[in-house]
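Chain residues, written in single-letter form:
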Amino acid sequence: SGPAHRAPRRPGPHAQRAMENDATAAQASMLTLKGAGQTAFPREIIKWLQSLDLSFIVKNPKRDFCNGFLVAEMLSRYYPKDINMVTFENGTRLAAKVDNWEQVYKLARKRELGISKQEIDPVI
């Protein structure tokens, strides 16, 4: 049996607003990119990401979120019955990215999270 996951801490008001407006923190973080992969994450987003106990630390959001794996992992913390991380590949192949994002899109549509394919394509 794997490690027990503690329930994620609810995001603060700023992070909650970012999630509501942009559907996912990944999307919100993409809006804060500056220069060569540098980010200006709000403190609330950083604390929230840390509270999710993700499989790796987000250092370069553009690279780290492009394959959809971390977004899926984030969603799995809130919708554990709707997402099976075994079906996601943390890789760089285009086919893996497309498959991961297609699964994320299906969940987003099911849960009415407001993520469109037009928003996903530039991230890939």
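Before any of the text, the structure's been laid out above.
> Before we move on, can you summarise the overall build of the protein chain with the specific residues and values?
Broken down by element type, the protein chain carries 7 helices and 2 strands. Secondary structure elements in the protein chain, listed N-terminal to C-terminal, are α-α-β-β-α-α-α-α-α. Considering the protein chain as a whole, with its 124 residues, one finds that 44% of them fall into the buried category.

> Help me get a handle on the packing of helix α5 (residues 69-78) against helix α6 (residues 94-110), residues and values and all.
The contact between α5 and α6 brings their axes to 9 Å, and the two run at 35°. Crossing geometry of α5 relative to α6 is assigned as left-handed. Of α6, the residues touching α5 (which contributes Phe69, Val71, Ala72 and Leu75) are Asn100, Trp101, Val104 and Leu107. Taken together, the residues of the contact of α5 with α6 break down into 7 nonpolar, 1 polar and no charged.

> Could you give an account of the pattern of salt bridges, with specific residues and numbers?
This model, assessed by the stated rule, comprises 6 salt bridges. Where Arg93 meets Glu89, a salt bridge forms, and the shortest distance between an N and an O atom there is 3.0 Å. Ionic contacts of the salt-bridge type, sharing partners, join the residues Asp82, Lys110 and Arg111 into one network.

> Just give me the short version of unusual backbone geometry, but keep the residues and values in it.
One non-glycine residue with positive phi stands out, namely Asp53, at about 55°. Inspection of the secondary structure puts Asp53 in the loop between α3 (43-51) and α4 (61-65).

> Give a description of the side chain of Glu73 that names residues and reports values.
If you trace the backbone, Glu73 turns up in helix α5. Apart from residues lying up to four places away in sequence, Glu73 is in contact with Asp53, Leu54, Ser55 and Met85.

> Kindly report on the nonpolar core, identifying the contributing residues and their values.
One finds Leu49, Met74, Leu75 and Val104 to be the most contacted residues of the largest nonpolar core, which totals 25 residues. Where this core is concerned, the elements lending two or more residues are α3, α5 and α6. Here this core gets 6 residues from one element, more than from any other, and that element is α5. In this structure, Leu49 is in contact with Phe41, Leu54, Val58 and Met74, ignoring residues within four places of it in sequence.

> Explain the environment of Ala72 residue by residue, including any values.
Within the fold, Ala72 resides in helix α5. Residue Ala72 is classed as buried on the basis of its relative accessible area, which comes to 0%. Note: C-alpha distance between Ala72 and Trp101 (29 residues apart in sequence) is 8.3 Å. When neighbours within four sequence positions are excluded, Ala72 is seen to be in contact with Ile83, Met85, Phe88 and Val104.

> Tell me about α3, residues and numbers included.
An α-helical turn contains 3.6 residues, so a residue and the one three or four places further along point in the same direction. If you check which residues of α3 are buried, you get Ile45, Trp48, Leu49 and Ser51. One face of α3 carries all of its buried residues, which in axial projection span an arc of 160°. The exposed set on the far side of α3, more than 90 degrees from its buried face, consists of Arg43 and Gln50. Positive backbone phi, at 55°, marks Asp53, one or two positions downstream of α3.

Parameters and conventions
- Residues numbered from 1 in each chain as written.
- Predicted model: local features only at pLDDT ≥ 70, side-chain atom pairs only at ≥ 80, totals over all residues.
- Heavy atoms only, no water.
- Helix = DSSP H or I, 4+ residues; strand = E, 2+ residues; numbered from the N terminus.
- Buried < 20%, exposed > 50% of the residue type's maximum accessible area, 1.4 Å probe, protein only.
- Axes fitted to C-alpha atoms, helices over the stretch in contact; angles between N-to-C directions.
- Left-handed = near helix turned anticlockwise from the far one by under 90°.
- Contact = heavy atoms within 4.5 Å.
- Nonpolar A, V, L, I, M, F, W, Y, C, P; charged D, E, K, R; others polar.
- Salt bridge = Lys/Arg side-chain N within 4 Å of Asp/Glu carboxyl O.
- Core = buried A, V, L, I, M, F, W, Y, C linked by side-chain atoms within 4.5 Å.
- Arc of directions from axis to C-beta.

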